[in-house]
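Geometric and topological summary
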Amino acid sequence: MKRNLISRFMIITILVTASLFLVEGWMLGQQKQVQYRHGQNARKLLVLRGVVKDWDGNPVAQAVVVLPEIGKTVETNNQGRFEFSRIPPGRYHLEVYAPGFVDYSSEPFVLNKDKYGHEVVLMKKLAEEIVVTATRTPKLYAETPTKTEVISSRQIEMKVASNLAEALYQTTGVRVENDCQNCNFTQVRINGMEGKYTQILIDSSPVVSAMTGVYGLEQIPAEMLDRIEIVKGGGSALYGGNAVAGVINVLTKEPQENRTVLKAYQESIAGKPYTDLGFRSSLVSDSLNTKAYLFASYKRREPIDLNDDGFSELGLLSNTSFGLNIYNYFPAVDGKFKLGLFRIFEERRGGNLFDKPPHEADTAEWIKTDQLAFSSEWSHSLSEKLYYNLSFSLVNAKRNTYYGSHHDPHAYGETKNPLFFFNGQCNYQLGSHVLTMGFQMKRDKIHDKAIGYNRVIDQVYYESGLFFQDDFKIGRIFSILTGFRVNRHTALDRLIITPRLSILVNLMKELSFRTSFSTGFRAPQVFDEDLHIEQVGGEGLMIQNSPDLKEERSYSLYSGFDYGRQTGNTLIQFSIEGFYNRLLNTFIFQEVERIERARVLERINGSGSRVYGLSVDFGLAFGPRFSLASGWTFQRSLLDEPE
């Protein structure tokens, strides 16, 4: 009995001991397996790198990037780049937060290997758009009493625009039209008013003259454009003469990252090729204090005859342009220096018999233009409240022309048009007021001759102006912008005073009301491209100003509502605006005498006119990939007396 008990006890002891050894061995095996897997995971920790940009492709610095699943946070550098290291494989999503942008949350993604180049595109908040044209100072759109239309670089690329004229298409109230079949002269109409009533600026400087503006819309290449700002209504209080219908401000590129882009675009129009080649390169130093932007463009279009009558509907076009912008910041004195240079060479011809010289064609309009421009700007903040800016621009424009028919050898002409502009401006913040004072001076010289028609024009115009502006913000609801300009033009015998008043009322967070009253003027000029059609008919023209000629005056009233709401990446916008423009002392021509092979016309003041109407805009966007926009303008123009 005892033996059986002892035997059973020994068997149980052996079994328990063996079981313990087995369990221990299994646990040791599991521990080694866990350690092995941990080692494997340690070797598989991954890297996630990416870049944060805005809709225009510019890097967004100091944006906060979050991986919520593991609670990691990093901040983008000055190139908009970020990096997460030692991340276990798994399923994640990114969240990005940056001042002035809508909060971003990505779709979930699986990270099972190192991932590079993850791109995040942020949408700017509607109220955070920065504009400069309306007040000549950088200002949030939501706080600007004068409405400003903005065409961004992304929109320019989406239009596949090759020049300024194409970039302006599809802007409500802005119409680009072709006014000559032979030379394809284009003009831009703002709310129905002729192109000569619109002031075109380059970096806020009115360096586009009456001559260079004729074909300038197609001569300025898309590579030169960063964005375009459009202010409708009289802008003479800030920009002087010709800013009657509005202002179009072409802003050039200041680079934010090292980047080079090559463009090759080929199109066929009625079987004839149109080639557009572009190059742009941005260089930024490691300190971000020195930047350079270089661009070049080449365009070539063969003449196109759509109805087989032997005459072109679209003429021959050859355009070569290049430019360079250099920026340097001086952090020690809080200053910024800019140096700019561009050259545009273009040849265009319309008519027939393109293989022969222009005077051997039945009808020909031939224009060869050469523009060389140089600009410089110095900006300096003396304190948080005091800032000043000094700038000057010089554009030396030359062109050779032929406007003639019936094999006329006398229809050749030559024009030289150097233009100099200087601007000095000072801004001072006094409580809720931002006070702006400035002085501008422009010298515009025209030497135009067509020897065959006994026409020689040699004139120099000086225009100088002193302007003052008060931008007064009353809490979050009201903003009032007042200003005036005292202008002197050598073609006129008296001072011209042009006031302006704009009011902004933020009725609610998403809804604002703007109303603006402004004045403008246009001084007389001898050069007028609209009359070249007379020369094509075989008759030259000479223009002189009446001794008692007055400037054209305009009075503009704009009022409208803007509604914008954003929820996540969804944006809805709606605006409605009424406008009324009154023109007085409109320039007209009357014939005073005839001389050999030419007519002499005198510019006099005619009656006035009215332009009024309504504009409606609607926009809807679901993130950066899909958007819908529609705009309508209903406009009417009436002369006071028939002409």
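The structure presented is a predicted model; accordingly, all values stated were derived computationally and were not measured.

**Here we look at the pairing of strand E17 (residues 246-251)**
- Here E17 lies mainly inside the structure; six of its six residues are buried.
- Every second residue of E17 is oriented toward a common face, with Gly246, Ile248 and Val250 on one face and Val247, Asn249 and Leu251 on the other, all of them buried.
- Strand direction decides the pairing type here: strand E15 (residues 198-202) and E17, joined by five bridges, are parallel. Residue Gln199 lies in a different strand from E17, and its bridge partner there is Val247.
- In this structure, strand E16 (residues 227-232) lies alongside E17, joined through six bridges in antiparallel fashion. Residue pairing for E17: Arg227 is matched across the bridge by Leu251.

**Quick notes on the sheet that holds strand E4 (residues 81-87)**
- Spatial ordering of the open sheet is given by E4-E1-E9, a layout of three strands whose pairing is mixed. One side of each edge strand has no neighbouring strand; the edge strands of this open sheet are E4 and strand E9 (115-122). Ignoring which end each strand starts from, the neighbouring axes of this sheet average 25° apart.
- Here strand E1 (residues 46-54) runs beside E9; their pairing, made up of six bridges, is parallel. When the bridges of E9 are listed, Gly50 appears paired with His118.

**Some remarks on the packing of aromatic side chains**
- One pass over the full model with this rule turns up 14 aromatic pairs.
- Taking 6.4 Å as the distance between ring centres and 75° as the angle between the ring planes, the aromatic pair formed by Trp366 and Tyr412 counts as edge-to-face. Taken together, the residues span a long stretch of sequence, with Trp366 in strand E23 (residues 363-381) and Tyr412 in strand E25 (residues 412-430) at a distance of 46 residues.
- A relative accessible area of 14% places Trp366 in the buried class.
- Relative to Phe626, the ring of Phe622 lies with its centre 6.0 Å away and its plane at 25°, an arrangement referred to as stacked.
- For Phe622, a relative accessible area of 43% translates into the label partly exposed.
- Its relative accessible area of 47% is what places Phe626 among the partly exposed residues.
- Each member of the aromatic cluster is reached from another via a ring pair, and the members are Trp366, Tyr402 and Tyr412.

**Section: the confidence of the model for the protein chain**
- Looking at the protein chain, the pLDDT average stands at 85 and 89% of residues meet or exceed 70.
- A low-confidence stretch, residues 20-28 stays under pLDDT 50, and its non-local contacts, those more than four residues away or across chains, total zero contacts.

**Some remarks on the side chain of Gln199**
- Mapping Gln199 onto the fold places it in strand E15.
- The contact partners of Gln199, leaving out residues within four places of it in the chain, are Pro206, Val208, Tyr239, Gly241, Asn242, Ala243, Gly246, Val247 and Ile248.

**Focus on helix H4 (residues 212-219)**
- For H4, the tally of buried residues reaches seven of eight residues, placing the bulk of the element in the interior.
- Turning to H4, its buried residues are Thr212, Val214, Tyr215, Gly216, Leu217, Glu218 and Gln219.

**Quick look at the sheet that holds E17**
- Ordered in space as E12-E16-E17-E15, the four strands form an open sheet in which the pairing is mixed. One side of each edge strand has no neighbouring strand; the edge strands of this open sheet are strand E12 (149-151) and E15. Across the sheet, the mean angle separating the axes of adjacent strands is 15° when strand polarity is ignored.
- Pairing analysis gives three bridges linking E12 to E16, with the strands arranged antiparallel. Directly across from Ile151, in E16, lies its bridge partner Ile228.

**Here's the deal with the environment of Leu390**
- In this fold, Leu390 is placed in strand E24 (residues 386-405).
- When the C-alpha positions of Leu390 and Cys426 are compared, they lie 8.9 Å apart, and in sequence the two are 36 residues distant.
- Leu390 has contacts with Ser376, Glu377, Trp378, Phe422, Asn423 and Gly424, leaving out every residue within four places of it along the chain.

**Considering the environment of Val592**
- With respect to the secondary-structure elements, Val592 resides in strand E34 (residues 587-595).
- Taking the C-alpha atoms as reference, Val592 lies 9.7 Å from Gln544; in sequence the two are 48 residues apart.
- Discounting chain neighbours no more than four positions away, the residues touching Val592 are Gln544, Val600 and Glu602.

**Some details on the pattern of salt bridges**
- One pass over the full model with this rule turns up 28 salt bridges.
- Of the charged contacts in the structure, one is a salt bridge between Arg582 and Asp640, with a shortest N-O distance of 2.9 Å. Of this pair, Arg582 sits in strand E33 (residues 570-584) while Asp640 is found in the segment after strand E37 (626-639), placing the two residues 58 residues apart along the sequence.
- For Asp640, a relative accessible area of 34% gives the class partly exposed.
- Here the salt bridges do not stand alone but share partners, grouping Lys147, Glu149, Lys232, Arg514 and Asp562 into one network.

Parameters at a glance
- Residues numbered from 1 in each chain as written.
- Predicted model: local features only at pLDDT ≥ 70, side-chain atom pairs only at ≥ 80, totals over all residues.
- Heavy atoms only, no water.
- Buried < 20%, exposed > 50% of the residue type's maximum accessible area, 1.4 Å probe, protein only.
- Helix = DSSP H or I, 4+ residues; strand = E, 2+ residues; numbered from the N terminus.
- Pairing = 2+ DSSP bridges.
- Axes fitted to C-alpha atoms, helices over the stretch in contact; angles between N-to-C directions.
- Phe/Tyr/Trp six-rings, centres within 6.5 Å; stacked < 30°, edge-to-face > 60°.
- pLDDT = per-residue confidence, 0-100.
- Contact = heavy atoms within 4.5 Å.
- Salt bridge = Lys/Arg side-chain N within 4 Å of Asp/Glu carboxyl O.

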